[in-house]
Amino acid sequence: MAIFTLNINGKKQEVDVDPSTPMLWVLRDHLNLVGTKYGCGIAQCGACTIHMDGTATRACMLTVSSVGNSEITTIEGLSEEGDHPVQQAWLEVDVPQCGYCQAGQIMTASALLAKNPNPSDEEIEMAMNGNICRCGTYTRIKKAVKLAANS
Amino acid sequence: MTLVKTKIGRRAFIRNTGLASGGLVIGFSWLASCKMTPEQVSSLPKEWFELNGFLKVGDNGMVTIMSPNPEIGQNIKTAMPMIVAEELDVAWKNVIVEQAPLNTDIFTRQLAGGSQSIRQGWESLRMAGATAKQMLKEAAAQAWGVSANEITTKEGILSHEASGNSAGYGEMASAAASIEVPEEVQLKETKDFSIIGTETKNVDGKKIVTGQPLYGLDVYKEGMLTAMIVHPPAFGMTYKGMNADTVKSMPGIKDVFHFEVYPEGIEKQWSDQGGIPELVAIVGDSTWECMQAKKALEVEWEQTSKAESTAYHEEELLALLEKPTETPARKDGDVEAAFKNAAKIVESTYSAPYLAHNTMEPMNFFAHVTPEKAELLGPIQTPEFAEKTVAARLGMPVEKIDIMMTRMGGGFGRRLYGPFVIEAAVISQKMNAPIKLVYTREDDMTQGTYRPSYKVKYKAGLDADGNLIAWHVRGAGTNDSLIFEDRFPAGAVDNYLAEKHSLNTNVTTGAWRAPRSNFIAGAEQAFMDEVAEASGKDPIEFRLELFDRAINNPVGDPKKNDYDPERYAGVLKLVKEKSDWANSNGKARGVSAYFCHDSYVAQVLDLEDGGGDMPRVEKVFCAVDCGIVINPLGAKNQIEGGIIDGVGHSTFSAMSFNDGKPEQSNFDRYRLIRHSEAPKNIEVHFVDNGIDPTGLGEPSLPPVVAALSNALYKATGRRYYNQPFINERPPLVG
Ligand code: FES
Ligand code: FES
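Parameters and conventions
- Residues numbered from 1 in each chain as written.
- Chains lettered and ligands numbered in written order.
- Predicted model: local features only at pLDDT ≥ 70, side-chain atom pairs only at ≥ 80, totals over all residues.
- Heavy atoms only, no water.
- Helix = DSSP H or I, 4+ residues; strand = E, 2+ residues; numbered from the N terminus.
- Buried < 20%, exposed > 50% of the residue type's maximum accessible area, 1.4 Å probe, protein only.
- Contact = heavy atoms within 4.5 Å.
- Areas by Shrake-Rupley, 256 points an atom, 1.4 Å probe, with all protein chains shown as cover.
- Lys, Arg positive; Asp, Glu negative; His and termini not counted.
- Charge placed at Lys NZ, Arg CZ, Asp CG, Glu CD.
- Domains from an automatic or database assignment.
- Buried area = accessible area lost by both parts, 1.4 Å probe.
- Salt bridge = Lys/Arg side-chain N within 4 Å of Asp/Glu carboxyl O.
- Nonpolar A, V, L, I, M, F, W, Y, C, P; charged D, E, K, R; others polar.
- Polar contact = N/O pair within 3.5 Å; in protein donor to acceptor, adjacent residues only side chain to side chain.
- Pairing = 2+ DSSP bridges.
- Axes fitted to C-alpha atoms, helices over the stretch in contact; angles between N-to-C directions.
- Parallel < 35°, antiparallel > 145°, perpendicular 65-115°, else oblique.
- Left-handed = near helix turned anticlockwise from the far one by under 90°.
- Arc of directions from axis to C-beta.
- Core = buried A, V, L, I, M, F, W, Y, C linked by side-chain atoms within 4.5 Å.

Let us now look at the overall build of chain A. Within chain A one finds five helices and five strands. Overall size of chain A, expressed as C-alpha extent along the three principal axes, is 45 × 25 × 25 Å. The buried share of chain A, reckoned over its 151 residues, is 61%. Long-range contacts, defined as pairs at least 24 residues apart, comprise 53% of the intrachain contacts of chain A with a sequence gap of at least 6. On chain A, roughly 5,500 Å² of surface is accessible, and the fraction owed to carbon and sulfur atoms is 49%. Averaging the coordinates of the 11 positive side-chain charges in chain A and doing the same for the 16 negative ones gives two points 7 Å apart.

Now for the overall build of chain B. When helices and strands are tallied, chain B shows 18 helices and 30 strands. If you take every contact in chain B between residues at least 6 apart in sequence, the share linking residues at least 24 apart comes to 77%. For chain B, the accessible area works out to roughly 26,300 Å², and carbon and sulfur atoms hold 47% of it.

Moving on: unusual backbone geometry. All names here are of chain B. Here Phe488 and Pro489 are connected by a cis peptide whose omega angle stands at 5°. Its location among the elements puts Pro489 in the loop between β23 (468-478) and β24 (495-503). Looking along the chain, the bond that leaves Gln723 and enters Pro724 is cis, with omega of -5°. Note that Pro724 resides in the segment after α18 (701-716). Residue Phe412 is not a glycine yet carries a positive backbone phi of 60°. Along the chain, the position of Phe412 falls in the loop between β20 (401-405) and α12 (419-431). Under the relative-accessibility criterion, Phe412 is labelled buried at 10%. Despite not being glycine, Ala514 has its phi angle at roughly 60°, a positive value.

All names here are of chain A. Taken domain by domain, chain A holds domain 1 (2-76) and domain 2 (85-150). Put simply, the middle of domain 1 and the middle of domain 2, counted by C-alpha atoms, are 21 Å apart. The interface is formed by 17 residues belonging to domain 1 together with 13 residues belonging to domain 2. Carbon and sulfur atoms supply 56% of the area that domain 1 and domain 2 bury against each other, a total of about 1,200 Å² over both sides. At the surface where domain 1 touches domain 2, the tally comes to zero salt bridges. Partitioning the side of domain 1 that touches domain 2 into residue classes produces six nonpolar, nine polar and two charged.

On to the interface of chain A and chain B, then. Facing the 51 residues of chain A at the interface are 61 residues of chain B. Around 4,800 Å² of area is buried between chain A and chain B when both sides are counted, 56% of it from carbon and sulfur atoms. For the pair chain A and chain B, the number of links is six salt bridges. Of the charged contacts in the structure, one is a salt bridge between A:Glu92 and B:Lys201, with a shortest N-O distance of 3.4 Å. At the boundary of chain A and chain B, one finds 34 residue pairs in polar contact (both at pLDDT 80 or more). Contributions of two or more residues to the side of chain A that touches chain B are made by α1 (23-30), α2 (85-93), α3 (102-115), α4 (121-128) and α5 (138-149) of chain A. Per-element tally for the side of chain A that touches chain B: the top contributor is α5(A), with five residues. A breakdown of the residues in the side of chain A that touches chain B according to their chemical character gives 22 nonpolar, 18 polar and 11 charged.

Residue and element names in this part refer to chain B. Judged by how many residues are buried, β23 sits mostly within the fold: 11 of 11 residues are covered. In this sheet, β23 lies alongside strand β22 (residues 454-462) in antiparallel orientation, the contact comprising nine bridges. Across the sheet, the residue bridging to Lys459 is His472, located in β23. Between the end of β22 and the start of β23, which pair antiparallel, lie five residues, with Gly466 showing a positive phi angle near 80°.

The next thing to look at is the packing of helix α11 (residues 383-394) of chain B against α12(B). All names here are of chain B. At a closest axis distance of 9 Å, the pairing of α11 and α12 adopts a crossing angle of 30°. With respect to α12, the axis of α11 lies roughly parallel. For the pair α11 and α12, the sense of crossing is right-handed. Contacts between α11 and α12 involve Ala386, Thr389, Val390, Arg393 and Leu394 on the former and, on the latter, Val421, Ile422, Ala425, Val426 and Gln429.

Residues and elements named next belong to chain B. In terms of domain boundaries, chain B breaks down into domain 1 (2-195), domain 2 (216-305 + 363-438) and domain 3 (324-355 + 450-728). Taken together, the contact pairs 17 residues of domain 1 with 16 residues of domain 3. Approximately 1,200 Å² of surface area, both sides summed, lies buried where domain 1 meets domain 3, with 57% of it carried by carbon and sulfur atoms. The tally of links from domain 1 across to domain 3 stands at zero salt bridges. For the interface between domain 1 and domain 3, the tally reads one residue pair in polar contact (both at pLDDT 80 or more). Among the secondary structure elements, those contributing two or more residues to the side of domain 1 that touches domain 3 are α3 (76-88) and α4 (117-144). Broken down by element, the residue count for the side of domain 1 that touches domain 3 peaks at four residues, all from α3.

Once that is clear, we can look at the environment of B:Gly145. Residues and elements named next belong to chain B. Within the secondary structure, Gly145 is located in the loop between α4 and β7 (151-154). For Gly145, a relative accessible area of 65% translates into the label exposed. With 508 residues separating them in the primary sequence, Gly145 and Ser653 have C-alpha atoms 68 Å apart.

This paragraph deals with the sheet that holds strand β25 (residues 589-596) of chain B. Residues and elements named next belong to chain B. One open sheet accounts for four strands, arranged β25-β26-β27-β30; its pairing is mixed. Edge positions in the sheet fall to β25 and β30 (681-686), since each of these pairs with one other strand and no more. Pairwise comparison of adjacent strand axes, ignoring direction, gives a mean angle of 15° for this sheet.

As a further point, take the sheet that holds strand β1 (residues 2-8) of chain A. Residues and elements named next belong to chain A. Strand order across the open sheet formed by five strands is β2-β1-β5-β3-β4, with mixed pairing between neighbours. Since the sheet does not close on itself, it has two edges, and those belong to β2 (11-17) and β4 (55-58), each with one partner. Along the sheet, successive strands turn relative to each other by an average axial angle of 45°, direction set aside. Note that β1 and strand β5 (residues 71-73) share two bridges and pair parallel.

The next subject is α4(A). Residues and elements named next belong to chain A. Here α4 has its buried residues at Ile124, Glu125 and Met128. Taken down its axis, α4 places every buried residue within 95° of arc, on the same side. Elements in contact with the buried residues of α4: α3 and α5.

What follows concerns the side chain of B:Asp444. Residue and element names in this part refer to chain B. Here Asp444 lies in helix α13 (residues 441-446). A relative accessible area of 6% means that Asp444 is categorised as buried. Beyond its immediate stretch of four places on either side in the chain, Asp444 contacts Asn358, Pro362, Met363 and Tyr439.

Turning to the nonpolar core, a few remarks are in order. If you look at the biggest cluster of nonpolar residues, it comprises 98 residues, and the most contacted ones within it are A:Leu6, A:Met23 and B:Leu605. It is α18(B) that provides the largest number of residues to this core, a total of seven residues. Beyond its immediate chain neighbours, meaning those up to four positions away, B:Leu605 contacts B:Ala588, B:Arg589, B:Gly590, B:Val617, B:Lys619, B:Val620, B:Val647, B:Val704, B:Ala707, B:Leu708 and B:Ala711. Among the nonpolar cores identified, the runner-up in size contains 55 residues, and B:Tyr350, B:Ile520, B:Ala550 and B:Val591 belong to it.

This next bit is on the pattern of salt bridges. All names here are of chain B. Considering all chains together, one arrives at 46 salt bridges over all chains under this definition. Across the salt bridge formed by Lys207 and Asp204, the nearest N and O atoms sit 3.9 Å from each other. Here Lys207 falls in the partly exposed class, since its relative accessible area comes to 41%. Judged by relative accessible area, Asp204 falls into the buried class, the value being 5%. Here Glu322 ties to Lys457 by a salt bridge, and the two come within 3.3 Å at their closest N and O atoms. Of this pair, Glu322 sits in the loop between α9 (310-321) and β16 (330-332) while Lys457 sits in strand β22, and the two are 135 residues apart along the sequence. A relative accessible area of 54% places Glu322 in the exposed class. Each of Lys77, Asp204, Lys207 and Arg407 takes part in one network of salt bridges that share partners.

So, in structure tokens, the structure goes:
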């Protein structure tokens, strides 16, 4: 066990965990931030996507000891009121079915748009390909990303 | 307007409950009026006929609709309250939808499976809304000294034109609470609907996009431990022994023990299907610590029944396809004689592998068992059944078992089966602590309860004019007999023979989105395409001729056929028109139509030009007849999802086995469709026919498999017989 001071959603947070613990479980088990989901644990599904210094990162393979002072943003910290343009676009297009993958999808999409405000269809697909939606909301997700890009 | 009286008796399912302080509260049961067969009804627990939905009109005019329904992603949590609000005549913006608290004596729970929720709830939900409206009218009539018949309602306002009186529902709500529940109510004409049929957003949308804790895996409670299981690495194996000592001392680990989930003599429910009798439990402080211990633990298993491999299943199923059955499932005319006289014979065999459900949220359940009671919470669709087994297994009376449901991160049939509920309860009892059982993705994918693997062989005979004169289908599945003998083209061909086999295996199987249809539709409609080609006719015209036959001069007793040929033909005609079928613009396109879960779907699918050996789907035109569409926005989402699911699984996905051991355990080797592989465009059209609503969650998946393979044939010149199609490469191009 070791103590880590993390910078999460703009707040300093201290945790005492094994250094090999992935951020996914630090967030969920130790910090009560459960919006970041577990889907595969091997960086294949994207359900656990968070931002590390603005870059979409799979929290299930990111050990707590490798985070250092990086700024971590989770779905809970993406906006105060759920009013981030990507979240708004998701609601407008009515994307979710079961909804389980959507926090990860939104985190990947918002990181993409921060770097590339006007992505082409191909760029959206390339960026989003690491995020599986088992319910098959892909066409709506693309529509929502484009809507967010234009807003 | 239609005056409706219930068959079962209104008092039985609508009650003025008087629960609330202030306002009107109506309790109702949305299952009470469903049109089920006597067998289905008698198999339902009687509590299901008690109250399970609530509707409250507050003094402030806000309407709260509480639904105990589990949400697995079919959007029923939005659609069902829309039906109530429609008949109540209240503005949707003044409606609040709440998840009913399931842990009270008043609510009973539901089963959401087989696209049935809306179909079964339709009439009850409408009557609940209409009843409340009628009581509000009566209250206003008394207050104003006028006849209730003269009072009209609109968007939550009661008006009496002659006297000029008007009042909001809120003003009359408390008075309405003392009105007797009417025996008869008027339901709206479908043409007067103002909420049903409007695009309405998911009531949980905001919670989902902000990452609120909604799912079973999000349950964290004071003092809760995490539990994981270790199951046999291969089917046919049982527990022999382990040395848990080294693992027990790992950090954060509280206990490691072997336990029996289903000891001899425990009465099982159907929802226990797939349950593994003996497991090992690892219990610890946190998920990661349990995962580490799970990796380190060595358990000894022994092979106690056959170690089956995919090659074995394939061989056995193929052998069954060569074997006539003793009693055919259906026989019209004489196929053998007809084949002898046929000018042309077409014959093909189709196959599909086992599939895992792979809900994005793996199986999990919270349990807190004390000597006094058992509290269980999580994603399960069949709590009424699970609680019986939990009670039997814990040795507690059923009244002390309380199972509550969370939102579910996908179902697809998987959450009809709940051995994990029993496992969680047993582990909690043993630990004497609240625990959350979590399956890793690997546990989830290798545990079983798969979509069976299937093979089917078709043979069709055509006369010299290209008319279909004989049809023979023989199918086989693992633990499943596959064929729906009374579905199309039964009733449309003079000589028809359907035979079905089932191969017993120890690889466990269960319902998977659109059971059986998910394979047989793709095979049948791909074969239909081959037969149409052999007949020299256009594939849509060929099918329409068969439907004409089934309409005008059906073979055998038409009541036996479980489809309506007019509605079937209707979706084909609609998709033909919407896709401009004759003008494919040089695109490789395929057509398909299927009926299941009481709904009819026809699709035309276009492939992208070029695109290599596995071209991408450019567009799917989809015509759907599912009766009245409650919420087109949510309905289209379901249909799009089913199409993507069907394209994805038939193209990419498979579970295979080597000596009983699953060869895929996570998304690195089990391939699911991704963004860049999904159909680019999906266009959904509904048939507008005013018929009571039917299933939506399933019916768009089965036919799209054939729309795809028929288009692939156009693109590559090669028929795709075996799923996943990606393994059929390299195709014979040109
Ligand atoms: S849980 Fe991290 S990518 Fe799947
Ligand atoms: S909405 Fe269910 S997995 Fe994406």
